[in-house]
Structures are given as C-alpha cells and as structure tokens.
Amino acid sequence: MQATANIVQDHMQNLETKVHPEYKPAPDGSQMKALAWFGAKDVRVVDAPVPTITEPDDVILKVTGTTICGSDLHLYHGEILTMQKGDILGHEFMGIVDKVGPNVTNIKVGQRVVASFQIACGDCHFCKQKLSSFCDWTNNSPLQAKLYGQRDAGFFGYSHITGGFPGGQAEFVRVPKGNVNLLPIPDEVPDEKAIYLSDIIPTSYHAVVDTGVKDGDVVGIWGLGPIGMYAAKWAQLKGASRVIGIDRVPERLAMAKEKLGIETIDFSVHSDVPKKILELFPRGLDVAIDCGTFHEPKTMMHKVQKMMMLETDNPETINEMIVSVRKMGRAGIIAAYSGFANGVNVGALMEKGVRLIGNGQAPVHLYWEELLRDYIMTGKFDPTFILTHRVPIEDMAKLYAAFNQRVAGVEKVFVQTQFSSLPSPGCPKLSRVDEWSSKN
Ligand SMILES: NC(=O)c1ccc[n+]([C@@H]2O[C@H](COP(=O)([O-])OP(=O)(O)OC[C@H]3O[C@@H](n4cnc5c(N)ncnc54)[C@H](O)[C@@H]3O)[C@@H](O)[C@H]2O)c1
Ligand SMILES: [Zn+2]
Ligand SMILES: [Zn+2]
C-alpha cells in the first residue's frame, strides 16, 4: 500500500508551497540521534545529519523534550499512506533556539519555545484567523488535495501526505516559518507542563469547544488515552454535569476514575456500549467525542473488511456515538481518521438530527497562548496529571512498541535528550523502557 501510494503521488505534480521539507545538513557534518520509520512496526533510532538554516524563516531548535502521540501509532501500524524509509517522526516537541534565519524577528537564540505540530505560513486566509492546521501553503501533497478536495497544513514527522517534513523525535529540528510556529515559554513553566502545548492540550481543548460542550451537558468520551483524558478534564472545566469515559485498558479506566472522578464503561465487559449508556441516560448523551483510534476494529465484520482492504478506517465508534447521543445531540470526531469506513448509520444520523462534527486537525495557534496564560500558568489545568514515564531518546524505538501495547500503565511520556533539564518536582524520574515494559 505504501509503495503504491508513493508511486501514485510521484506521478502527480507536487503542489506549490511557501516552505520546503528538505533541510540542509550542518556544514561541519555533525550528527544527531533521531527516530526514523522503516516499515510497519519497524522504527529505529538512527544517526542523522543535524539540520541548519535552509530557508530564511527557519529556526533550528535543540530539542529539550519530545514525546509519542496516539497519532504516531497510525504511522507505526503503516496506516497512513506515503511513508518513506528513513522519515524522521515526531510532531510534539520543544527546545531551546539554537539558530535563527535572517527573516526571523520575534524569536531569539537561547529562548525556550514549544513548536506547534503543524507548520503554518502565517499569511493565508486560514492563518489570518489562527486556523493554523488548515494553512493553505505548507503541504505539497497532491494526493491529499485529490482525496480531500483541499490540503491541510504540513505537519512535522507525519508522512508525505502531510508535506514530508522531518519531525521532532530528534536532538535537533528545523522549524520552518519560525516567526509563527513557535510559542515562547516563561521560565516558571517547566518543560513537562509546556511541551504538550504542541498538540494534545490544544487538540483536546478544541475537541470540547468545537463540539460545543456547555454547562450542564452529559458528555461521553470514547478512548481514555492522553487526548480522551484531557478532553474529559476540559469537559469538566466547561461545566459538564456528568462525564463518562469508555475504554478497555484497566490502568486508563482506573486513572480516569482516580484523577478525574468520572464514570467509566469498560467495553471489554460491556461490548454493547450504546445499550449501557442508554441504561444510564435514557434520553441519551448531550455530547459524544471520539478520542479513540481507527485501527482497532471490535467486530469481526470490520476486522474482515479492513483486512481485505474494503475499508481503510472503521465506523464502529461513529455509530456508537450516533446511537448514544440524544435527539439533536452533538458528536465530535477528534480521533484521526484517514480514509473510508463502510456502514455508517446514516439513518440514525438523519432521523435523530445528530450534529456529527469532524473536528479536524486541531488549530494549535488559535488556542495555545490562552491555554498557557489562563489555564497552565494559573494552575487551573495541570497537564502533568497524565504523565506516567520519562525515558531517554535512545529508547524511542522501544517506546513505540510499549506505547502501542499500552503496557505498565503507560499514558503520556516525556522523552528527554542530552539537552533536557532534570525532571521537575512531582514528575516522573528517568527510567528505561526495558525496566518497566518487561514487568507487565
Ligand atoms: N485531530 C487532531 O488534531 C489530533 C491530534 C492528536 C491526536 N489525535 C488523535 O486522537 C486519538 C487519540 O490519541 P491518543 O494519543 O489519546 O491515543 P491512544 O492510542 O493513546 O489512545 C486511544 C485510546 O482509545 C481506546 N480505544 C480504542 N478503540 C476504542 C473503542 N472502540 N471505544 C473506546 N475506546 C477505544 C484505546 O484503548 C486507547 O486507550 C488518536 O486517533 C489520535 O490520532 C488527533
Ligand atoms: Zn499528535
Ligand atoms: Zn497559512
């Protein structure tokens, strides 16, 4: 599939962009550690050239913190097309500014900054509204434009259908359009509280705001990974009267109860999730949010269809949400889907007047300043409540396997490099993936 998609894309002409993915190597030939993709379930820590300023708007970061996201698992499973061997992954990272290009005016060498997972141009129709993930000018993929009608922004470390930019699971990274894609972090905010502004904090916030959670709402959250756990917290902060989380990983269900005090449904026990929800809330949920993953079909019907490549994605969670919400309720999809799913319950969608909302790739720039200032710095939202492990970048390949298997209660991980500070008080100490993953 990867090879076919690459051949198709190679035969289409790359779209015009204002930034380019290839970087120049540092003139002294220095090397860095980076996590690269080689095939499904085959990722490796490799030596790669340290990047240098390639375009005048570039910033080069020394990475002080990076991590793995549920979206990286789609790449790990080979579910996102147009991956190429040697692609450097990672889209959630922060660092210290090492070099700036001549056009960079508002970021200085030595500053601590977080990068947004998307690369925005800063000038287009969408960027002017801070809808950075929907930037028109940073993703050269003709395949994406063909499949979706338009292209999203380019993303760091996320295949050639999102622009082919090398990512931040590395010791150094080149950030194109550094004037707009970096957020300076005040000294008093430690790395462990800042890094997730790259992605999961704004993403989960966007899911809740965009799906319209209001005071008094009853909210169901499918998936209690980092996105679901944060979305549940945001729903509480937005005044939800009850939040119910659905998953099957025992440690995640326990964390949701313990840290958030929400009700949970274990779908390995209650396989008919809508039935259970409608027993609890006969009128139905006001809001449902899909924070799960499309590569784990539950039913034989969709396992078979996926295996036979009759569908790329699966509609099970969408259907569960449509049936579980009340008439004229809202269902949001923040989980990343990529292609087609068969058998969507379009009848229930229409007859019940359900508002099904594709939340899109979250526009990080729209929210990150507000989230830092009003929620993280005030302590209203402490991102570290889901942080379970800290590991060195040398362990990144093993971390993919452990995070994929969800072993040893792994929820969110801070990955350190040679440039990282010591762990902050109350945050996980350094450990090795072999130590904790083998105990499971
Ligand atoms: N739209 C965006 O901007 C954006 C950004 C980041 C992540 N994401 C997506 O959000 C999703 C969640 O990310 P994460 O980091 O929390 O991932 P994760 O893989 O750690 O967590 C997903 C959770 O969903 C659960 N799950 C799987 N199938 C389920 C089902 N049928 N019902 C209920 N739960 C189910 C899993 O057990 C797991 O705990 C992923 O799809 C990711 O790609 C989207
Ligand atoms: Zn992500
Ligand atoms: Zn733009």
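Not measured: the values here are computed from a predicted model.

Rules used in this analysis
Residues numbered from 1 in each chain as written. Chains lettered and ligands numbered in written order. Predicted model: local features only at pLDDT ≥ 70, side-chain atom pairs only at ≥ 80, totals over all residues. Helix = DSSP H or I, 4+ residues; strand = E, 2+ residues; numbered from the N terminus. Buried ≥ 20, exposed ≤ 12 C-beta atoms within 10 Å, placed from the backbone. Contact = placed C-beta atoms within 7 Å. UniProt positions renumbered as here; feature names shortened; annotations may be inferred. Core = buried A, V, L, I, M, F, W, Y, C linked by C-beta atoms within 7 Å. Domains from an automatic or database assignment. Pairing = 2+ DSSP bridges. Axes fitted to C-alpha atoms, helices over the stretch in contact; angles between N-to-C directions. Near = placed C-beta within 6 Å. Nonpolar A, V, L, I, M, F, W, Y, C, P; charged D, E, K, R; others polar. Expected span 1.5 Å × (residues − 1). Bend = angle between axes of the 7 residues up to and from the residue.

Asks: Would you mind going over the overall build of the protein with me for this structure?
Replies: Per the secondary structure count, the protein includes 16 helices and 20 strands. The C-alpha extent of the protein, read off along each of the three principal axes, is 65 × 55 × 45 Å. Within the protein, buried positions represent 53% of all 440 residues. Long-range contacts, defined here as pairs at least 24 residues apart, represent 75% of the contacts in the protein between residues at least 6 apart.

Asks: Sorry, what's going on with the UniProt feature "domain: Alcohol dehydrogenase-like C-terminal" (unreviewed entry) in the protein here?
Replies: Feature annotation in UniProt assigns "domain: Alcohol dehydrogenase-like C-terminal" (unreviewed entry) to the following positions: residues 226-292. The distance from the first to the last C-alpha atom of residues 226-292 is 10 Å, and the span holds 46% helix and 24% strand.

Asks: I keep staring at the nonpolar core and nothing clicks. Help me out?
Replies: Among soluble globular proteins, nonpolar side chains are generally buried collectively. Counting 128 residues, the largest nonpolar core has V114, A231 and L399 as its most contacted members. Residue contributions to this core peak at seven residues, all from helix α8 (residues 226-237). When residues of this core are sorted by domain, at least three fall in each of domain 1 (2-199 + 363-437) and domain 2 (203-358).

Asks: Which parts of the structure should I look at to understand the pairing of strand β7 (residues 93-100)?
Replies: Looking down a regular strand, the side chains alternate between one sheet face and the other. In this sheet, β7 lies alongside strand β5 (residues 59-66) in antiparallel orientation, the contact comprising seven bridges. Across the sheet, residue K62 finds its bridge partner in β7, namely I96.

Asks: Got a minute to help me understand the sheet that holds strand β6 (residues 87-88) in this structure?
Replies: Paired through backbone hydrogen bonds, the strands of a sheet run either parallel or antiparallel to each other. The strand order across the open sheet formed by three strands is β3-β2-β6, and the pairing between neighbours is antiparallel. Lying at the two open borders of the sheet, with one neighbouring strand each, are β3 (42-49) and β6. As judged from the two bridges shared by strand β2 (residues 31-39) and β6, these two strands associate in the antiparallel manner. What sits directly across from W37, in β6, is D87. In the packing of helix α15 (residues 396-405) onto the sheet, the strands contacted are β2 and β3, and the crossing angle to β3 comes to about 155°.

Asks: Mind showing me how you'd approach the environment of P250 here?
Replies: Turning to its location among the elements, P250 is positioned in helix α9 (residues 250-260). For the pair P250 and A145, spaced 105 residues apart in sequence, the C-alpha separation works out to 40 Å.

Asks: Which parts of the structure should I look at to understand the domain arrangement of the protein?
Replies: Interfaces are often described in size by the accessible area the parts lose on coming together. Here the protein is described as being made up of domain 1 (2-199 + 363-437) and domain 2 (203-358). Listed by partner, the interface residues are 19 residues for domain 1 and 18 residues for domain 2. Within the residue set of the side of domain 1 that touches domain 2, elements represented by two or more residues are α2 (70-76) and α14 (364-376). The biggest single contributor to the side of domain 1 that touches domain 2 is α2, with four residues.

Asks: Sorry, what's going on with helix α12 (residues 316-324) here?
Replies: With eight of nine residues buried, α12 is to be regarded as a mostly interior element. Taken as a whole, α12 has its buried residues at E316, T317, I318, E320, M321, I322, V323 and S324.

Asks: What should I look at first to understand the site of ligand 1 in this one?
Replies: If you check the shell around ligand 1, you find 33 residues, and the closest are G70, S71, G223, G225 and A336. Listing elements by their share of the shell around ligand 1, those giving two or more residues are α2, α8, β14 (242-247) and α12. Here the shell around ligand 1 gets four residues from one element, more than from any other, and that element is α2. Of the residues that constitute the shell around ligand 1, the class distribution is 14 nonpolar, 12 polar and seven charged. Each of two domains, domain 1 (2-199 + 363-437) and domain 2 (203-358), supplies a minimum of three residues to the shell around ligand 1.

Asks: What exactly am I supposed to notice about α14 here?
Replies: Given 3.6 residues per helical turn, the α-helix brings residues three or four places apart onto the same face. In this model, α14 (13 residues) spans only 15 Å end to end at C-alpha, well below the 18 Å of a helix rising 1.5 Å per residue. Along α14, the largest kink reaches about 35° and is centred on E370.

Asks: I keep staring at unusual backbone geometry and nothing clicks. Help me out?
Replies: Its identity is not glycine, yet M328 carries a phi of approximately 65°, on the positive side. Mapped onto the elements of the fold, M328 is located in strand β17 (residues 325-333). Although it is not a glycine, R406 adopts a positive phi angle of roughly 55°. On the secondary structure map, R406 appears in the loop between α15 and β20 (412-416).

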